[in-house]
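Chain by chain, the residues:
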Amino acid sequence: GLNVYLTIDRRLQAAAEQAMTDNVQTSIEGYTNDLTGRLGAATTSIETKTGRILEITQNTLFSETITDDPNYSSLVYAGNLKYGGATGFEGGSTFKVFTLLEWLQEGHSVNEVLNGNVQVFKNFRNSCFGDITNSTLINNFAKSPGYVGTPMRFTADSLNTGFLAMASQLDMCGIEKTAAKMGVVRGNGDPVEVRVPFDVLGSNNIAPIDVAAAYATIANNGVYCTPKAIDRITDASGNEVALPEASCTQALEPNIAATAAFALQGVMTGGSGRASNPYDGTPILGKTGTHEAKQTWLVASSTNVTTAVWVGNSDGDADVSRWPWNHL
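Values in this document were obtained by computation on a predicted structure and should not be read as measured data.

Chemist: Now, about the overall build of the protein: what can you tell me, with residues and values included?
Modeler: Within the protein one finds seven helices and 17 strands. The C-alpha radius of gyration of the protein comes to 20 Å, within 12% of the 20 Å expected for a compact globule of 328 residues. Overall, the C-alpha framework of the protein stretches about 65 × 50 × 45 Å when taken along its three principal axes. Partitioning the intrachain contacts of the protein with sequence separation of at least 6 by distance along the chain shows that 66% fall at a separation of at least 24. In the structure as shown, the protein presents an accessible area of about 15,200 Å², 51% of it carried by carbon and sulfur atoms. The positive charge centre, built from 21 side chains, and the negative charge centre, built from 32, are 5 Å apart in the protein.

Right, here's the structure in full:
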């Protein structure tokens, strides 16, 4: 006898479902080599000032009983293990935003000049788990040699070595804590970890809803709102029923959020996300993300709505840039 009123905006939901249908198949046949993967995709949009989930979609059809057909899944890819049964996906370069935020919180500027050339960044500070001595060379996308530049440009270009240069001057424990206070945990519910340099670049599995909520925090002057899917519940007699706990808290200082938003606008106006900017006059911030060619992301936000989009492997390690994945 309960009446449950959802936060879903039917107009946005319909548009998101159509975009998913038009652009991503429910599965891809014929990918049978040693990198076999299972195609997944999800979108979710969150109202920045409230945390209300306005739309949520994925490419597969729903079934709790069909397990051997890749066109079906019982998982909610945008959610986490607790809410949807999924365990998240490697966040890739969307996770770099937490290094940018910690950079600002430790008093640095987006206009400082750093050596972002490809090199072994040897020493990293971590006040929680002990300092790190690194000997691994980490490259950039498409083997870019990197450059001497600023965090402003590193963010627009999503330059791995630029962010490693930044992280080598920060407390990696602070990057972890920044992600945590913006509601980001691993998809299985455990805290995110930034223990080795590669973690800075997005090796943690995180849920698209958490990614959207974190970027919504930046667009909302640093106020983080717990994502929620229910506006109201009444019983059969019309009495109000208590809702799941949700709140909005000041996670970032407004000036930190504003500076991060300024840098993230560069992603969408001339950087790696420019092809996804509708150029309709609405100022937007955003961030692209990939992880080892297995996962791809785009998160973008106005001051009102934040949308996260993930396409990649829901299971397996297929290269999404190779046939037949690139025929999507």
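Chemist: So what about the environment of Val194? Which residues, and what values?
Modeler: Along the chain, Val194 turns up in the loop between helix 5 (172-181) and strand 11 (205-206). The class for Val194 is buried, based on a relative accessible area of 0%. For Val194 and Arg11, which are 183 residues apart along the polypeptide, the C-alpha to C-alpha distance reads 39 Å. When sequence neighbours within four positions are dropped, the list of residues in contact with Val194 reads Phe95, Asn126, Met172, Ile175, Glu176, Asp199 and Val200.

Chemist: Help me get a handle on the nonpolar core, residues and values and all.
Modeler: One finds Phe95, Phe98, Leu100, Leu101, Met182, Ile218 and Leu264 to be the most contacted residues of the largest nonpolar core, which totals 66 residues. Leaving out residues up to four positions away in the same chain, Met182 has contacts with Phe98, Leu101, Ala214, Thr217, Ile218, Tyr224, Ala251 and Leu252. Judged by nonpolar contacts, the second largest core, of six residues, contains Met20, Ile28, Leu39 and Val311.

Chemist: Explain the sheet that holds strand 15 (residues 285-291) to me, using residue names and the numbers behind them.
Modeler: Strand order in this open sheet of five strands is 3-2-17-16-15, and the pairing throughout is antiparallel. Edge positions in the open sheet fall to strand 3 (53-58) and strand 15, since each of these has one partner strand only. Going from strand to strand, the sheet's axes swing by 10° on average, the running direction of each strand aside. The pairing of strand 15 with strand 16 (residues 295-301) spans seven bridges and is classified as antiparallel. Residue pairing in the sheet places Lys287 in a bridge with Val299 of strand 16. Packing of helix 1 (residues 10-23) onto the sheet brings it into contact with strand 2 (37-47) and strand 3, and relative to strand 3 it is tilted by some 20°. Strands strand 15 and strand 16 of the sheet are contacted by helix 7 (residues 254-269), whose axis makes an angle of about 65° with strand 15.

Chemist: Account for the state of the cysteines, naming residues and giving values.
Modeler: In total, this model carries two disulfides according to the counting rule given. What pairs with Cys128 in a disulfide is Cys173, and their sulfur atoms sit 1.7 Å apart. Placement of the pair is Cys128 in the loop between strand 8 (123-124) and strand 9 (132-133) and Cys173 in helix 5, with a sequence separation of 45 residues. For Cys128, a relative accessible area of 37% translates into the label partly exposed.

Parameters and conventions
- Residues numbered from 1 in each chain as written.
- Predicted model: local features only at pLDDT ≥ 70, side-chain atom pairs only at ≥ 80, totals over all residues.
- Heavy atoms only, no water.
- Helix = DSSP H or I, 4+ residues; strand = E, 2+ residues; numbered from the N terminus.
- Rg over C-alpha atoms; globule rule 2.2 N^0.38 Å.
- Contact = heavy atoms within 4.5 Å.
- Areas by Shrake-Rupley, 256 points an atom, 1.4 Å probe, with all protein chains shown as cover.
- Lys, Arg positive; Asp, Glu negative; His and termini not counted.
- Charge placed at Lys NZ, Arg CZ, Asp CG, Glu CD.
- Buried < 20%, exposed > 50% of the residue type's maximum accessible area, 1.4 Å probe, protein only.
- Core = buried A, V, L, I, M, F, W, Y, C linked by side-chain atoms within 4.5 Å.
- Pairing = 2+ DSSP bridges.
- Axes fitted to C-alpha atoms, helices over the stretch in contact; angles between N-to-C directions.
- Disulfide = S-S within 2.5 Å.

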